[in-house]
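What follows is each chain in one-letter form.
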Protein chains: 2
Amino acid sequence: MAISTRFSVGIHILSLIATDEKMTSDLIAGSVNTNPVVIRKIMSMLKKAELIEVRPGVAGARLARPLSTITLLDVYQAVAVVPDKELFGVHAAPNPDCPVGRNIQSTVTPIFELAQSALEKVLAHVTLDDIVSEIEQKEASSS
Amino acid sequence: MAISTRFSVGIHILSLIATDEKMTSDLIAGSVNTNPVVIRKIMSMLKKAELIEVRPGVAGARLARPLSTITLLDVYQAVAVVPDKELFGVHAAPNPDCPVGRNIQSTVTPIFELAQSALEKVLAHVTLDDIVSEIEQKEASSS
DNA sequence: ATTACATGTAACCAATATAGTTACAAATAA
DNA sequence: TTATTTGTAACTATATTGGTTACATGTAAT
């Protein structure tokens, strides 16, 4: 199955907040094209991860850190698209009486970790600043 | 959500077939520790991907290609753990009237593709031969 | 040819995740 | 005090996963 769209929505939300701190969950929902509660739930995750600051009753949110210090990996982990350190599922109880069964997990796991960290490395090298700049550039060149 | 264990089970199945062509789905299920039908369904995918040759009624299966030419990426794609070319889901209909909304998809997609192909590259560099050799080595050193 | 055994599927089930929705409490600001 | 907003609980529909039963079909060996 594909990785949840919470990730791309999270990036979308943060990009909006970066350009306008008075974005309410209703306005953001309008841009993402979904329900405001979906937005609030994802914002709640971003808040727990200390990427944004939000307060009940007061409209909008602020970035908790400078744009250039927030990586896509931070967002990816914040919205919990994947159980920590286990992008790849491994079948749990292979037969210890079989040579393959008793070695498959320890053989396959380090490779999965390599693949996972290769993916995360790419995400870690892109910041929200890159995203926002890219969007601004596209806007500028299309006008 | 984690990537389906069909992947690790697929590797397990192929490793067993590599070491013994007379492995029935019952025997394999015993080693994987699951139901034989689960095994047959995954083997059906491996067959469609032309990684193995199986015939109805006749016990066991054969590798369709040499061990060293089957990569983990081949297995990964064979068991369809991920919708083709879309490891990362992207929210479908952002608002075109918003600067962020109308650019988020085209900004984020190429990065997602980079991350995905970094992951796939790791899988493509490991062959089933590597896996089986590793298992044999672990067996030898533990005796 | 009959028997025994395998594969190949259809059809179902329980558990879980996703994305969306309604409803409402609590906090804030005007 | 009123209007607005955040924060959640609770619920829904849908889809995927992993497992299971049941059974038709194919093969080989006696």
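Before reading further, recall that the structure is shown in the block above.
Quick look at the structure, then. Everything numeric in this text was worked out from a predicted model, so none of it was measured.

### What about empty space enclosed by the protein?
Enumeration according to the criterion identifies one cavity of 30 Å³ or more in this entry. Here the largest cavity defines a volume of roughly 30 Å³. Forming the boundary of the largest cavity are Met1, Ile3 and Leu87 of chain A together with Met1, Ala2, Ile3 and Leu87 of chain B. Across the lining of the largest cavity, the residue classes tally to seven nonpolar, no polar and no charged.

### Looking at the protein's contact with DNA strand D
Among the 26 residues in the neighbourhood of DNA strand D, the closest are listed as Ser25 and Arg40 of chain A together with Ser4, Thr5 and Thr34 of chain B. Taking the atoms of DNA strand D that fall within 4 Å of the protein, sugar and phosphate contribute 66% of them. Taking Thr5 of chain B, its side chain carries an N or O atom lying 2.6 Å from a phosphate oxygen of DNA strand D. One of the backbone nitrogen or oxygen atoms of Gly57 of chain B is found 3.5 Å away from a base nitrogen of DNA strand D. Residue assignment for the surface near DNA strand D shows that the elements contributing at least two residues are α3 (36-48), β1 (52-55) and β2 (58-63) of chain A together with α3 (36-48) of chain B. With five residues, the single largest contributor to the surface near DNA strand D is α3 of chain A. Across the surface near DNA strand D, the residue classes tally to nine nonpolar, ten polar and seven charged.

### Section: the protein's contact with DNA strand C
Within the structure, DNA strand C sits among 26 residues, and Ser4, Thr5 and Thr34 of chain A together with Ser25 and Lys47 of chain B are positioned closest to it. Sugar plus phosphate, as a fraction of atoms of DNA strand C within 4 Å of the protein: 65%. A distance of 2.8 Å separates a phosphate oxygen of DNA strand C from a polar atom in the side chain of Thr34 of chain A. Take Gly57 of chain B: an N or O atom from its main chain is 3.2 Å from a sugar or linking oxygen of DNA strand C. Of all elements in the fold, only α3 of chain A together with α3, β1 (52-55) and β2 (58-63) of chain B reach the threshold of two or more residues within the surface near DNA strand C. When grouped by side-chain class, the residues that make up the surface near DNA strand C number nine nonpolar, ten polar and seven charged.

### Quick word on the interface of chain B and chain A
Across the boundary between the two partners, chain B contributes 54 residues, which contact 54 residues of chain A. A combined buried area of about 4,400 Å² lies between chain B and chain A, and 70% of that area is made up of carbon and sulfur atoms. If you sort the residues of chain B by the area they bury against chain A, Met1, His91 and Val100 of chain B come out on top, with a joint share of 13%. Our count for the chain B to chain A interface comes out at two salt bridges. Between Glu139 of chain A and Arg102 of chain B there is a salt bridge; the shortest N-O distance is 2.7 Å. For the pair chain B and chain A, the interface holds 21 residue pairs in polar contact (both at pLDDT 80 or more). Elements that contribute at least two residues to the side of chain B that touches chain A include exactly α1 (6-19), α2 (25-32), α4 (72-78), α5 (104-124) and α6 (128-141) of chain B. When residues of the side of chain B that touches chain A are assigned to their parent elements, the largest contribution, twelve residues, is made by α5 of chain B. The class makeup of the residues in the side of chain B that touches chain A is 34 nonpolar, 15 polar and five charged.

Parameters at a glance
- Residues numbered from 1 in each chain as written.
- Chains lettered and ligands numbered in written order.
- Predicted model: local features only at pLDDT ≥ 70, side-chain atom pairs only at ≥ 80, totals over all residues.
- Heavy atoms only, no water.
- 1 Å grid on protein atoms, 1.4 Å probe; cavity = no way out; pocket = protein on both sides within 12 Å on 5 of 7 lines; lining within 4 Å.
- Points joined across faces, edges and corners; volume = space filled by probe spheres on them.
- Nonpolar A, V, L, I, M, F, W, Y, C, P; charged D, E, K, R; others polar.
- Near = heavy atom within 4 Å.
- Polar contact = N/O pair within 3.5 Å; in protein donor to acceptor, adjacent residues only side chain to side chain.
- Helix = DSSP H or I, 4+ residues; strand = E, 2+ residues; numbered from the N terminus.
- Contact = heavy atoms within 4.5 Å.
- Buried area = accessible area lost by both parts, 1.4 Å probe.
- Salt bridge = Lys/Arg side-chain N within 4 Å of Asp/Glu carboxyl O.

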